[in-house]
Amino acid sequence: MNSSVRHIQAKIEVFDGVGTTPIETYTQNDKILSFDVQRLGDESKFIGYTVCQRLNIKLFDKNPVTNISTANTIKLYANVNDGEWQQIGARFYITEIHKDEKTDIASVTAYDALKTAERHSYSELEMAESYTLEDIIFAIPTFLGYGVAFMNFKQEDLDTLFAIEYPTGGNVDGSETLREVLTAICEATQSICYVRDGDFC
């Protein structure tokens, strides 16, 4: 977080599940030791895939007193050159916490909602037998508690995409994960899907 070029101030807000009011706030002045955000996707492709973000963060955790668990979610913010706090990535869902009692350091790993999409199958959507591409594009984020935002699409392109109809269902058997279905849609539409706070894009 320190370099010869700039100094980045960071903070995280910890939420109870997907709550809207943080139950804890940590900064580099008290608990944050380091963090990084990685983009995970199919690096062999230029377009036509989904991108999940992974947050790795190390917290000073003496005693321990850090009130954080896999039941919590995290939002990460950065304040560059004393500017306004700017959110980095989307809401992150904690998947792992490792605490080192010798160093009093807690290592936390969390992912955005595309990781959550891997834990749910297409059959859970209970789609009607006949549906359009628009139906499925909105059904998956809605199921996960998110909205949809289209970036860099012209309206006429969206109208064409939305009109694609599957009268007997798509080429799926129900066992596919929601992320696999989203990836297939990205491949078919030559687009990239990622998550920002509140929306699948």
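Residues numbered from 1 in each chain as written. Predicted model: local features only at pLDDT ≥ 70, side-chain atom pairs only at ≥ 80, totals over all residues. Heavy atoms only, no water.

This part is about the packing of aromatic side chains. Geometry of an aromatic ring pair is reported as the spacing of the ring centres plus the angle between the planes. Within the structure shown, the criterion is met by two aromatic pairs. Measuring from centroid to centroid gives 5.4 Å for Y146 and F200, while their planes differ by 80°, and the two rings are edge-to-face. Of the two residues, Y146 is situated in the loop between α2 (133–143) and β10 (147–148) and F200 in strand β14 (residues 199–200); the sequence distance between them amounts to 54 residues. The same class applies to Y146 as to F200, namely buried. Just above the ring of Y77 sits the side chain of K11; from NZ or CZ to the centre is 5.3 Å. (Phe/Tyr/Trp six-rings, centres within 6.5 Å; stacked < 30°, edge-to-face > 60°. Helix = DSSP H or I, 4+ residues; strand = E, 2+ residues; numbered from the N terminus. Buried < 20%, exposed > 50% of the residue type's maximum accessible area, 1.4 Å probe, protein only. Lys NZ or Arg CZ within 6 Å of the ring centre and 35° of its normal.)

What follows covers the sheet that holds strand β5 (residues 52–60). Strand pairing in a sheet is mediated by backbone hydrogen bonds. Such pairs are either parallel or antiparallel. With antiparallel pairing, the seven strands of this open sheet are ordered in space as β2-β1-β6-β7-β8-β5-β3. One side of each edge strand has no neighbouring strand; the edge strands of this open sheet are β2 (24–27) and β3 (32–40). Along the sheet, successive strands turn relative to each other by an average axial angle of 30°, direction set aside. As defined by bridge partners, strand β7 (residues 86–100) adjoins strand β8 (residues 105–111) across seven bridges and the pair is classed as antiparallel. Within β8, the residue paired with E96 across the bridge is T109. (Pairing = 2+ DSSP bridges. Axes fitted to C-alpha atoms, helices over the stretch in contact; angles between N-to-C directions.)

This part takes up the confidence of the model for the chain. Here the chain averages 86 in pLDDT, and 93% of its residues register 70 or above. Across residues 1–6, where pLDDT falls below 50, the model places twelve contacts with residues more than four positions away in sequence or in other chains. (pLDDT = per-residue confidence, 0-100. Contact = heavy atoms within 4.5 Å.)

All right, on to the pairing of β7 then. Bridging between strand β6 (residues 72–80) and β7 involves five bridges; their strand directions are antiparallel. Bridge pairing in β7 links L76 to I88. With antiparallel pairing between neighbouring strands as the criterion, β7 and β8 make up a hairpin whose turn holds four residues, including D104 at a positive phi of roughly 60°.

So, on to the pattern of salt bridges. All chains considered together, the criterion is met by five salt bridges. The salt bridge involving E118 is made with R179; its shortest N-O contact spans 2.6 Å. Placement of E118 in the loop between α1 (113–117) and β9 (131–132) and of R179 in helix α4 (residues 178–189) is noted, with a sequence separation of 61 residues between them. Given a relative accessible area of 13%, R179 falls into the buried group. D199 serves as the salt-bridge partner of R196, at 3.9 Å between the closest nitrogen and oxygen. Looking at D199, the relative accessible area reads 19%, which means it is buried. (Salt bridge = Lys/Arg side-chain N within 4 Å of Asp/Glu carboxyl O.)

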